[in-house]
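Read off the chains here:
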Amino acid sequence: MELKEWKPIYDKIMDDFGFNKENDLKSAFILSDIINNTKNNIPLDSMEELIKNKDVYVFGAGPSLKKHIKILKSIIEDENNKNDKNFIIISADGATKALLEEDIVPDIIVSDLDGDLNAIFESNERGSVVVVHAHGDNIALIKNYAPKLKNIIGSSQVPEEIPYLINYGGFTDGDRCCFFAEHFGAKRIILCGMDFGEYTTKYSRPYLKNDIEKADGVKIKKLKYAEKLINWLMENGNSEILFINNIIDEK
Ligand SMILES: Nc1ncnc2c1ncn2[C@@H]1O[C@H](COP(=O)(O)OP(=O)(O)OP(=O)(O)O)[C@@H](O)[C@H]1O
Ligand SMILES: Nc1nc2c(c(=O)[nH]1)N=C(CO)CN2
Ligand SMILES: [Mg+2]
């Protein structure tokens, strides 16, 4: 999505949640300075090589996450037998922990660093690229952890151009995975654990007592935007977007 298309959507979201635009900008420049000083970013060209014309499995932290990881595992076995891996895995923040529990290291993690940081650092050590997202409410996390990661891509949600940072549109970590995959030419985007709705998991909210619980009001509202933005991408993007259940039906 172009920045000029994103701006009115951004304005509406900021207004709706009462988030502070100046803090978003401040956070973006802090991340930009970190990358300028540490040079811990990777070239964007490498993302095109990784994603173009591939099937991209995007994992969110909804109630179907574990079930969908099991389906992915059977697909991975099939692909290994065929010897031509033509897919990649992008995980949205909290979903990374669930993938690691099944010994799957995502190719890319999209995170505002408020998920399970141990899982993000372990995956990063094992080869995941981390798309680190700066916004007004994660400034301390950006300052503390962005310099310690390697192979990152900086990301922001402000409609201004910021050195070293991308903004391809999208709001929550999950829908930004999809805008990222679309930008780099994914053939298909296959949604896993992307349930939206009113229930969430301990992978998204680690303090929950049960594995799945009713989400709080702000989370439900964020999920509504995530769903709307992915619907926008289904209508306006070039990548085909489908749910993993449809893939199973195909086979
Ligand atoms: N029911 C769901 N519960 C949680 N995440 C979901 C669900 N359905 C889809 N998702 C996607 O999975 C992603 C998981 O990310 P996670 O909840 O860890 O971080 P987040 O986007 O930073 O959210 P928050 O700001 O609420 O912490 C979400 O961004 C969302 O797009
Ligand atoms: N300012 C601000 N921006 C965000 C926030 C948030 O809590 N505050 N959460 C997001 C992920 O869901 C994405 N963007
Ligand atoms: Mg997050």
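Here goes a summary of the coordinates provided. (Residues numbered from 1 in each chain as written. Chains lettered and ligands numbered in written order. Predicted model: local features only at pLDDT ≥ 70, side-chain atom pairs only at ≥ 80, totals over all residues. Heavy atoms only, no water.)

Considerations on the coordination of the magnesium ion (ligand 3)
Ideal coordination angles are 109.5 degrees for a metal with four donors arranged tetrahedrally and 90 or 180 degrees for a metal with six donors arranged octahedrally.
Phase 1 of the analysis: Only D93 (OD), D112 (OD), D114 (OD) and D173 (OD) from the protein reach the magnesium ion (ligand 3) as donors, at distances of 1.9 to 2.2 Å.
Phase 2 of the analysis: The motif formed by the donor residues of the magnesium ion (ligand 3), counted along the single chain, is D-x18-D-x1-D-x58-D. With D93 in the loop between β2 (87-92) and α5 (95-101) and D112 in the loop between β3 (108-111) and α6 (117-125), the pair connects residues that are 19 residues apart, well separated along the chain.
Phase 3 of the analysis: By relative accessible area, which is 8% here, D112 ends up buried. (Donors = N, O, S within 2.8 Å, 3.2 Å for Na, K, Ca; no water. Helix = DSSP H or I, 4+ residues; strand = E, 2+ residues; numbered from the N terminus. Buried < 20%, exposed > 50% of the residue type's maximum accessible area, 1.4 Å probe, protein only.)

Considerations on the packing of helix α8 (residues 173-183) against helix α9 (residues 217-236)
Phase 1 of the analysis: The contact between α8 and α9 brings their axes to 9 Å, and the two run at 20°. One element, α8, and the other, α9, form an angle in the roughly parallel class. Between α8 and α9 lies a crossing of left-handed hand. Contacts from D175, C178, F179 and E182 of α8 reach α9 at A226, L229, I230, W232 and L233.
Phase 2 of the analysis: Grouping the constituent residues of the contact of α8 with α9 by class yields seven nonpolar, no polar and two charged. (Axes fitted to C-alpha atoms, helices over the stretch in contact; angles between N-to-C directions. Parallel < 35°, antiparallel > 145°, perpendicular 65-115°, else oblique. Left-handed = near helix turned anticlockwise from the far one by under 90°. Contact = heavy atoms within 4.5 Å. Nonpolar A, V, L, I, M, F, W, Y, C, P; charged D, E, K, R; others polar.)

Side note on α6
Phase 1 of the analysis: Among all positions in α6, only L117, A119, I120, S123 and N124 are buried. Mapping the buried residues of α6 onto a view down its axis gives an arc of 160°, with all of them on the same face. Within α6, the exposed residues directed more than 90 degrees away from the buried face are N118 and E125.
Phase 2 of the analysis: Residues of α6 that are buried sit in contact with α5, β3, β4 (129-134) and α7 (139-145).
Phase 3 of the analysis: The opening residue of α6 is D116, an N-cap whose side-chain oxygen sits 3.1 Å from the backbone nitrogen of N118.
Phase 4 of the analysis: G127 occupies a position one or two residues after α6 and carries a positive phi of about 120°. (Arc of directions from axis to C-beta. Polar contact = N/O pair within 3.5 Å; in protein donor to acceptor, adjacent residues only side chain to side chain.)

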